[in-house]
Amino acid sequence: MHKKVFQLLVDNTSGVLSRISGLFSRRGYNIESITAGTTANPRFTRITIVATGDEAILEQIEKQVGKLIDVRDIRELKPDSSVYRELILIKVRATDVQRQSIISVSDIFRAKIIDVDKDSMIIELTGTQNKIDAFLDLLDGYEILEIARTGIAGLKRGTEGVVEFD
Amino acid sequence: MLGADAMAKCLVEENVGVVFGYPGVAICPFFNSMLSVDIERVLVRTEQNAAHMASGYARISGKVGVCVATSGPGATNLITGIATAYADSIPLVCITGQVDSGQLGSDVFQEADITGAVESFVKYSYLVKNVEDIPRIFKEAFHIASTGRRGPVLIDVPIDIQNASISKFSYPAEVNLRTYKPTVKGHAVQIKKVIKAISRSERPIICVGGGVHLSNASEEVRDFAHKHGIPVVSTLMGISVMPTNDPLYFGMVGNNGKSYANRAMNESDLIIMIGARVADRAISQPDLIMDNTVLVHIDVDPAEIGKNVGPHIPLVGDIKAIFEEMAKCEVECNFAPWLETLEGYKADAPARKKPRPEYVDPAEFIRMLSEKLDDDAIYVADVGQNQMWSCGYHIVKKGRFLTSGGMGTMGYSIPAAIGARAAAPERQIVAVCGDGSFQMSMMELATMQQHSLPVKIIIFHNGYLGLVREYQYNVYKGHYSVVDLSGSPDFSKLSDAYGIPFYKLENMEGASDMLDDFLKCKDPALMEIMIDPLDVVK
């Protein structure tokens, strides 16, 4: 099994996300995460998809997704020449005694405490998946109540291959 | 001008000659507007067949076929027909009425999320939300359906949009689709590679698929094969690219194909697949072929290349455009010894076992029928044993062979033949079906009569769902389950009820004369031929 990160630029039509996710489910492709958001031009949406499969499947994913009428561009974001980021929100149980040590761990990872309640806190961390996984490992001793992750968003480094809006 | 008037006008702009459809309240504004344009309207008897008729029409006319249905059940009934067209890459524009856009999503009477339901069977779909978008959407829909890899496009139009006033109708001269630009011209370097591969090859074979018809490239491909003396086999969908008796043609490949066609594929050192999917029925073990063979795969759809088998030389583009280029290339080659080998295989192929003489021999009957048909006749085979026998024994001269290949949809032949008739009223058209598939579409005899779209229909009557019975015989040791067609109507009385001349052939005695009479009928005619209930395909 390989993993690839694909970056898509799609027309912001109604149903474009369901067209893409429907393609994955009906052809049995594995999707690890999908994130979408508008771009500088509101007519376009940028989607980052992390998919797993063998080489032939990953090639088919690129071709079949690329074939959808609404998809303007699809390309692989290779790890060497791209940046990936993911955002995670973690709600962790924090008693008076635990609160300070959780803040210390968060500081090391440059995570932010964005909400504090009398017996819990919410931590926000942005980073690569490795960093997020390492942070979660460190929180192992605490009681994690809820987690929300965005999945990867990514961009290729530099200006080469940037698709111009028309 | 109303949205509905604009829809009708778009069809005029697209040069649509006929629409096949079934009205309901949600599409009534459109049908009302169709009264003021010069486009024939054919009322089908169930919506699925509207899509099949549009498919037959598209395949013979080379134009986009158009079918229309109302919201809810009308739209959902279309789905099998749309899926059938999608599987065979047939260009259709399917128009559905929809409930008032203000009520969308509230489960009102006859509401169905048709764009959602057909998503996996269309090339693209539209839900029209603004009446001003109608000209652009229709322009795009016809463009998408008829370019690149052809396929069905659905336009869902809520009734309030059909009834809304459009401020200005101007049909776009060009489409502006930023995200859709199919490749037409083949890459010059890849074309050179193909030519070089041919010059290095000793045992090349061309395998043609339905894409050759869709690209209208039969002549170019034939000329190429003849220029270099390269033998040709075909998939089910590629039948009639080559005349059956062309000395370079070695039949259909696949589980139900000719043994010598499969042998030619297996023993070749260069396979040139043209407009074919390399699907399971044609090539059962793609990996086997790759071991000692160079594979060239020519297709307009880049996603087909490498889907089932990884080619050595991929070549993406429109087949006609590619072969116009290829025709300019010169190759030093002599494949005479290879052809001789293949001719030997063909001569040695065992003849089909004769069925009991008290029944009609389907192989002999089809051969006889083929010989009597006009050179350019259109032969539409349904699905099942009748289809396999047709593939095996129909002799194509200059005509066309149509069938539902990818989806294998029973009941396709009669509506597709009626659609073909609308496209080519001057040509001879024969629909061949089984007693099972006939009963899936026999309601369309009324459509045929009402709209004067006569076709010749031949029912292979064996009292069984023959191909399934054959499968149950082989796999379940003859324990037949739900394949007995007892209860079928008396087809002579049925013909009489529809006012159609009827012929019945019990065995081969008198077959020739009866066929002559049958084909001589100017109007529709129905012939029932009695097949041994236990006869098998091979």
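Residues numbered from 1 in each chain as written. Chains lettered and ligands numbered in written order. Predicted model: local features only at pLDDT ≥ 70, side-chain atom pairs only at ≥ 80, totals over all residues.

*Asks:* Where do I start with the overall build of chain B in this structure?
*Replies:* Along the backbone of chain B there are 22 helices and 18 strands. The C-alpha extent of chain B, read off along each of the three principal axes, is 70 × 60 × 45 Å. Split into buried and exposed, the 538 residues of chain B put 54% on the buried side. Taking the intrachain contacts of chain B between residues at least 6 apart in sequence as the baseline, contacts between residues at least 24 apart amount to 76%. (Helix = DSSP H or I, 4+ residues; strand = E, 2+ residues; numbered from the N terminus. Buried ≥ 20, exposed ≤ 12 C-beta atoms within 10 Å, placed from the backbone. Contact = placed C-beta atoms within 7 Å.)

*Asks:* Would you mind showing me how to read the overall build of chain A here?
*Replies:* Secondary structure assignment for chain A yields 4 helices and 9 strands. Helices and strands appear in chain A in the N-to-C order β-α-β-β-α-β-β-α-β-β-α-β-β. When the backbone C-alpha atoms are referred to their principal axes, chain A occupies close to 55 × 35 × 30 Å. Burial status across chain A gives 24% buried among its 166 residues. Within chain A, contacts between residues at least 6 apart in sequence are counted, and of these 74% link residues at least 24 apart.

*Asks:* Please explain the sheet that holds strand β17 (residues 502-505) of chain B as it appears in this structure.
*Replies:* Strand pairing within a sheet occurs via backbone hydrogen bonds; the two strands may be parallel or antiparallel. All names here are of chain B. Strand order in the open sheet formed by 6 strands is β14-β13-β15-β16-β18-β17, with parallel pairing between adjacent strands. Of all strands in the sheet, those with a lone pairing partner are β14 (400-402) and β17, marking the two edges. When the angles between neighbouring strand axes are averaged without regard to direction, this sheet yields 20°. Looking at chain direction, strand β16 (residues 456-461) and strand β18 (residues 525-530) are connected through 6 bridges and run parallel. Among the inter-strand pairings, Phe 460 is bridged to a residue of β18, identified as Ile 529. Of the strands in this sheet, β16, β17 and β18 are in contact with helix α21 (residues 491-498), which crosses β17 at around 165°. (Pairing = 2+ DSSP bridges. Axes fitted to C-alpha atoms, helices over the stretch in contact; angles between N-to-C directions.)

*Asks:* What's the story with the packing of helix α10 (residues 218-228) of chain B against helix α13 (residues 319-326) of chain B in this structure? I'm lost.
*Replies:* A pair of packed helices is captured by two measures, namely the crossing angle of their axes and the spacing between those axes. All names here are of chain B. Relative to each other, α10 and α13 sit at 30°, their axes nearing to 9 Å. The way α10 lies across α13 gives a crossing that is left-handed. In this structure, α10 contributes Glu 220, Val 221 and Phe 224 to the contact, and α13 contributes Lys 320, Phe 323, Glu 324 and Met 326. Across the contact of α10 with α13, the residue classes tally to 4 nonpolar, no polar and 3 charged. (Left-handed = near helix turned anticlockwise from the far one by under 90°. Nonpolar A, V, L, I, M, F, W, Y, C, P; charged D, E, K, R; others polar.)

*Asks:* Looking at this model, I keep getting lost on the sheet that holds strand β3 (residues 44-53) of chain A. Mind explaining?
*Replies:* All names here are of chain A. Taken together, 4 strands build an open sheet; the order of strands is β2-β3-β1-β4 and the sheet is antiparallel. If you trace the sheet from one side to the other, it starts and ends with β2 (30-38) and β4 (71-76), each paired once. Ignoring which end each strand starts from, the neighbouring axes of this sheet average 20° apart. Summarising the sheet, strand β1 (residues 2-11) and β3 pair through 10 bridges and their orientation is antiparallel. Of the residues in β3, the one forming a bridge with Asp 11 is Phe 44. Where helix α1 (residues 16-26) meets the sheet, its contacts fall on β1, β2 and β3, and the angle it forms with β2 comes to roughly 170°. Against the sheet, helix α2 (residues 55-67) makes contact with β1, β3 and β4, and its axis sits at roughly 160° relative to β4, the strand it touches most.

*Asks:* What's the story with the pairing of strand β6 (residues 152-158) of chain B in this structure? I'm lost.
*Replies:* Successive residues of a regular strand alternate their side chains across the two faces of the sheet. Residues and elements named next belong to chain B. With 7 of 7 residues buried, β6 is to be regarded as a mostly interior element. In β6, alternate side chains face the same way, and those of Pro 152, Leu 154, Asp 156 and Pro 158 on one face and Val 153, Ile 155 and Val 157 on the other are all buried. For strand β4 (residues 92-98) and β6, the ladder comprises 7 bridges, and the chain directions are parallel. Its bridge partner being in β6, Gln 98 is matched across the sheet by Pro 158. For strand β5 (residues 124-127) and β6, the ladder comprises 4 bridges, and the chain directions are parallel. Within β6, the position partnered with Tyr 126 by the bridge is Ile 155.

*Asks:* Would you explain the interface of chain A and chain B in this entry?
*Replies:* Reports often express the size of an interface as the amount of accessible area lost when the parts come together. Listed by partner, the interface residues are 15 residues for chain A and 11 residues for chain B. Of all elements in the fold, only α1, α2 and β4 of chain A reach the threshold of two or more residues within the side of chain A that touches chain B. Take the side of chain A that touches chain B: its biggest share by element is 6 residues, from α2(A). Partitioning the side of chain A that touches chain B into residue classes produces 3 nonpolar, 3 polar and 9 charged.

*Asks:* What's the story with the domain arrangement of chain A in this structure? I'm lost.
*Replies:* Residues and elements named next belong to chain A. Annotation of chain A at the domain level lists domain 1 (2-76) and domain 2 (83-153). Taking only C-alpha atoms, the centre of domain 1 and the centre of domain 2 are 29 Å apart. Residue-level contacts link 6 residues of domain 1 with 5 residues of domain 2. Elements supplying a minimum of two residues to the side of domain 1 that touches domain 2: β2 and β3. The greatest single-element share of the side of domain 1 that touches domain 2, amounting to 3 residues, is contributed by β2. (Domains from an automatic or database assignment.)

*Asks:* Help me understand the domain arrangement of chain B, please; the structure alone is not making it clear to me.
*Replies:* All names here are of chain B. Taken domain by domain, chain B comprises domain 1 (3-163), domain 2 (188-348) and domain 3 (362-530). Here the C-alpha centroids of domain 1 and domain 3 sit 29 Å apart. Contact residues are listed per partner, giving 23 residues for domain 1 and 26 residues for domain 3. Counting residues per element, the ones that place at least two in the side of domain 1 that touches domain 3 are β1 (18-21), β2 (40-43), α3 (47-61) and α4 (73-87). With 10 residues, the top contributor of residues to the side of domain 1 that touches domain 3 is α3.

*Asks:* Where do I start with α13(B) in this structure?
*Replies:* It helps to recall that an α-helix has 3.6 residues per turn; residues three or four apart then point in one direction. Residues and elements named next belong to chain B. Every buried residue of α13 is listed here: Ile 319, Ile 322, Phe 323 and Met 326. For α13, the buried positions fall inside an angular range of 90° around the axis, keeping them on one side. Looking at the packing, one finds that the buried side of α13 touches α8 (188-200), α9 (210-214), α10, β10 (270-274), β11 (294-299) and β12 (313-316). (Arc of directions from axis to C-beta.)

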